[in-house]
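# Results of the structural survey
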Amino acid sequence: GDSVTQMEGPVTLSEEAFLTINCTYTATGYPSLFWYVQYPGEGLQLLLKATKADDKGSNKGFEATYRKETTSFHLEKGSVQVSDSAVYFCALMANTGNQFYFGTGTSLTVIP
Amino acid sequence: ETGVTQSPTHLIKTRGQQVTLRCSSQSGHNTVSWYQQALGQGPQFIFQYYREEENGRGNFPPRFSGLQFPNYSSELNVNALELDDSALYLCASSLDKGRFMEAFFGQGTRLTVV
């Protein structure tokens, strides 16, 4: 079945450090891929998405590229800020599906 | 602010009790899904409703049930609560069932079963 595996945390970085959170997926067909962010005590917010191979999603300095050959969708940011501290979830949805499959989340803490 | 509102934000129930959680979808959205997020885990799909009919269900027992009303708001009911039902319950809505990739999530209801 469809599933997402993401890098386990927690991750602690200093402000302005480079961030990578790894995400790989298993799916039949060609799913759409997503990164969601969850700030403490809040629900999920869509950070970025990509709907086909080689697409790059980007938002607020975060980027992720849909790599079909490696079934990956790694999240990157060149210079993290304290305000980026949150839990990040990788997710997929089959193009004919109606549900998201989420990874277990990666907690990021950025220290000044 | 996504326009998806859930109530209550927190509640505590005793094992064996029943609970009803509510979700008001964003204006014009006819599709609602419910997810369970246990502590330290990713959200798990419970079920989806489209125009008042169930449109898919995840691997949850029948004691998890739902409703969608003509105004497209929704309820999640859980009977015979167990300790493992303690979780954040998230509601998400979209303009149509074919556009669930564009869904907006609510803030969630934190349920604690003691």
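Up top is the structure these notes are about.
What comes next is a walk through the structure. All values reported here derive from a predicted model rather than from experimental measurement.

## Considering the side chain of B:Ser93
Residues and elements named next belong to chain B. Along the polypeptide, Ser 93 turns up in strand S9 (residues 87-94). A polar contact is formed between the side chain of Ser 93 and the backbone nitrogen of Gln 26, at a distance of 3.3 Å. Those residues in contact with Ser 93, other than ones at most four positions away along the chain, are Val 4, Ser 25, Gln 26, His 29, Thr 31, Val 32, Phe 100, Ala 103 and Phe 104.

## Re the pattern of salt bridges
One pass over the structure, following the stated rule, counts seven salt bridges over all chains. Across the pair A:Lys56 and A:Glu63 runs a salt bridge whose closest N-O atoms are separated by 3.7 Å. A relative accessible area of 34% places A:Glu63 in the partly exposed class. For the salt bridge of B:Asp85 with B:Arg63, the shortest nitrogen-to-oxygen distance reads 2.8 Å. On the criterion of sequence distance, the pair formed by B:Asp85 in the loop between strand S8 (74-78) and S9 and B:Arg63 in the loop between strand S6 (53-57) and strand S7 (64-68) is long-range, its members being 22 residues apart. With respect to class, B:Asp85 is no different from B:Arg63; both count as buried.

## Description of the side chain of B:Ser33
If you trace the backbone, B:Ser33 turns up in strand S4 (residues 31-37). Engagement of the side chain of B:Ser33 in a polar contact is seen with the side chain of B:Gln48, the distance being 3.1 Å. Those residues in contact with B:Ser33 that lie beyond four places of it in its chain are A:Asn98, B:Phe45, B:Phe47, B:Gln48, B:Leu90, B:Cys91, B:Ala92 and B:Phe100.

## With respect to the nonpolar core
In this structure, A:Trp35, A:Leu48, A:Phe73, A:Leu75 and A:Tyr88 are the most contacted members of the largest nonpolar core, which totals 25 residues. For this core, the elements supplying multiple residues, two or more each, are strand S2 (11-14), strand S3 (19-21), strand S4 (23-26), strand S5 (32-38), strand S6 (45-50), strand S8 (62-65), strand S10 (86-93) and strand S12 (106-111) of chain A. Counting residues per element, this core draws most heavily on S10(A), at four residues. If you look at the next biggest cluster of nonpolar residues, it comprises 20 residues, including B:Val32, B:Tyr49, B:Leu76 and B:Ala87.

## Thoughts on the interface of chain A and chain B
Between chain A and chain B, the contact holds 18 residues from the first and 20 residues from the second. For the pair chain A and chain B, the two sides together bury roughly 1,500 Å², of which 56% comes from carbon and sulfur. Together, A:Leu44, A:Asn98 and A:Phe100 form the three largest contributors to the area buried by chain A at its contact with chain B, with a combined 34%. For the interface between chain A and chain B, the tally reads zero salt bridges. For the interface between chain A and chain B, the tally reads four residue pairs in polar contact (both at pLDDT 80 or more). For the side of chain A that touches chain B, the element with the highest residue contribution is S5(A), accounting for four residues. Looking at side-chain class alone, the side of chain A that touches chain B contains eight nonpolar, eight polar and two charged residues.

## Here we look at the state of the cysteines
Using the criterion set out here, one finds two disulfides over all chains in the structure. Residue pairing for A:Cys23: its cysteine sulfur links by disulfide to A:Cys90, the two sulfurs lying 1.9 Å apart. Torsion about the S-S bond of the A:Cys23 and A:Cys90 cystine: about -70°, corresponding to left-handed handedness. A residue pair is termed long-range when its members are at least 10 positions apart, and A:Cys23 in strand S4 and A:Cys90 in strand S10 qualify at 67 residues. Exposure remark for A:Cys90: the relative accessible area of 0% places this residue in the buried category. What pairs with B:Cys23 in a disulfide is B:Cys91, and their sulfur atoms sit 1.8 Å apart. What sets the handedness of the B:Cys23 and B:Cys91 disulfide is the S-S torsion sign, and at about -55° it is left-handed. Here B:Cys91 lies in strand S9 and B:Cys23 lies in strand S3 (residues 19-24), a separation of 68 residues in the sequence. For the pair shown, B:Cys23 and B:Cys91 are each scored as buried.

## Points about the sheet that holds strand S1 (residues 5-7) of chain B
All names here are of chain B. Pairing within the open sheet is antiparallel, and its four strands lie in the order S1-S3-S8-S7. Every other strand in the sheet has two partners, leaving S1 and S7 as the edge strands with one partner each. Neighbouring strand axes in the sheet, compared pairwise and without regard to direction, differ in orientation by 20° on average. Looking at chain direction, S7 and S8 are connected through five bridges and run antiparallel. What sits directly across from Phe 64, in S8, is Val 78.

What counts as what
Residues numbered from 1 in each chain as written. Chains lettered and ligands numbered in written order. Predicted model: local features only at pLDDT ≥ 70, side-chain atom pairs only at ≥ 80, totals over all residues. Heavy atoms only, no water. Helix = DSSP H or I, 4+ residues; strand = E, 2+ residues; numbered from the N terminus. Polar contact = N/O pair within 3.5 Å; in protein donor to acceptor, adjacent residues only side chain to side chain. Contact = heavy atoms within 4.5 Å. Salt bridge = Lys/Arg side-chain N within 4 Å of Asp/Glu carboxyl O. Buried < 20%, exposed > 50% of the residue type's maximum accessible area, 1.4 Å probe, protein only. Core = buried A, V, L, I, M, F, W, Y, C linked by side-chain atoms within 4.5 Å. Buried area = accessible area lost by both parts, 1.4 Å probe. Nonpolar A, V, L, I, M, F, W, Y, C, P; charged D, E, K, R; others polar. Disulfide = S-S within 2.5 Å. Pairing = 2+ DSSP bridges. Axes fitted to C-alpha atoms, helices over the stretch in contact; angles between N-to-C directions.

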